[in-house]
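# Coordinate inspection notes
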Amino acid sequence: MQKIIVTGGKGRFASVLSKIKSKKYKFIFKDKKSLDITNISSIKKNLNKIKPKFILHLAGLSRPLNQHKTNISKSINLNIIGT
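The text that follows walks through the structure, step by step, so that each part is easy to find. Remember, predicted model here, so these are calculated numbers, not experimental data.

Take the overall build of the protein chain next. When its secondary structure is counted, the protein chain shows four helices and three strands. Element order for the protein chain, N to C, with α for helix and β for strand: β-α-β-α-β-α-α. Taken over the C-alpha atoms alone, the protein chain extends approximately 45 × 30 × 15 Å along its principal axes. Among the 83 residues that make up the protein chain, the fraction classed as buried is 24%. Looking at the protein chain alone, contacts between residues at least 24 apart form 46% of all its contacts between residues at least 6 apart. With an accessible surface of roughly 6300 Å², the protein chain has 57% of that area assigned to carbon and sulfur atoms.

And the structure:
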């Protein structure tokens, strides 16, 4: 079974994906506490431990324009640099 790390594991898209059952793939859902996409050490730790075949990147702010206006650095870190 091939492992797939899914970033944004508690988000809207991941919640829909988590309902899909697969015999070929094992989805490993990671939230921001267990995999911080803005922290290279967190990324390396997860990749070295899990050794996934694929990464499905779903993390980010779902309404970046609203967040961008109130916290520009958070918006840039999550939606641009983290990606």
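Now for the sheet that holds strand β3 (residues 54–57). Taken in spatial order, the three strands of this open sheet run β2-β1-β3, and their pairing is parallel. The strands lining the two open edges of the sheet, one partner per strand, are β2 (25–30) and β3. Averaged over neighbouring strand pairs, the angle between their axes works out to 25 degrees when direction is ignored. Of the strand pairs in this sheet, strand β1 (residues 2–7) and β2 are connected by six bridges, and their pairing is parallel.

Turning to the nonpolar core, a few remarks are in order. Ranked by size, the top nonpolar core spans five residues in total: Ile-5, Ile-28, Leu-35, Ile-37 and Ile-50. Once you skip the residues sitting within four places of it in the chain, Ile-28 turns out to touch Lys-3, Ile-4, Ile-5, Val-6 and Ile-50.

For helix α2 (residues 40–50), the full list of buried residues reads Ser-42, Asn-46 and Ile-50. Each buried residue of α2 sits inside an arc of 40 degrees when the element is viewed along its axis, so together they form one side. Away from the buried face of α2 by more than 90 degrees, exposed residues Ile-40, Ser-41, Lys-44 and Asn-48 are located. Residues of α2 that are buried in the fold lie against β1 and β2. Structurally, the start of α2 carries an N-cap: the backbone nitrogen of Ser-41 is 2.8 Å from a side-chain oxygen of Asn-39.

The rules we used
- Residues numbered from 1 in each chain as written.
- Predicted model: local features only at pLDDT ≥ 70, side-chain atom pairs only at ≥ 80, totals over all residues.
- Heavy atoms only, no water.
- Helix = DSSP H or I, 4+ residues; strand = E, 2+ residues; numbered from the N terminus.
- Buried < 20%, exposed > 50% of the residue type's maximum accessible area, 1.4 Å probe, protein only.
- Contact = heavy atoms within 4.5 Å.
- Areas by Shrake-Rupley, 256 points an atom, 1.4 Å probe, with all protein chains shown as cover.
- Pairing = 2+ DSSP bridges.
- Axes fitted to C-alpha atoms, helices over the stretch in contact; angles between N-to-C directions.
- Core = buried A, V, L, I, M, F, W, Y, C linked by side-chain atoms within 4.5 Å.
- Arc of directions from axis to C-beta.
- Polar contact = N/O pair within 3.5 Å; in protein donor to acceptor, adjacent residues only side chain to side chain.

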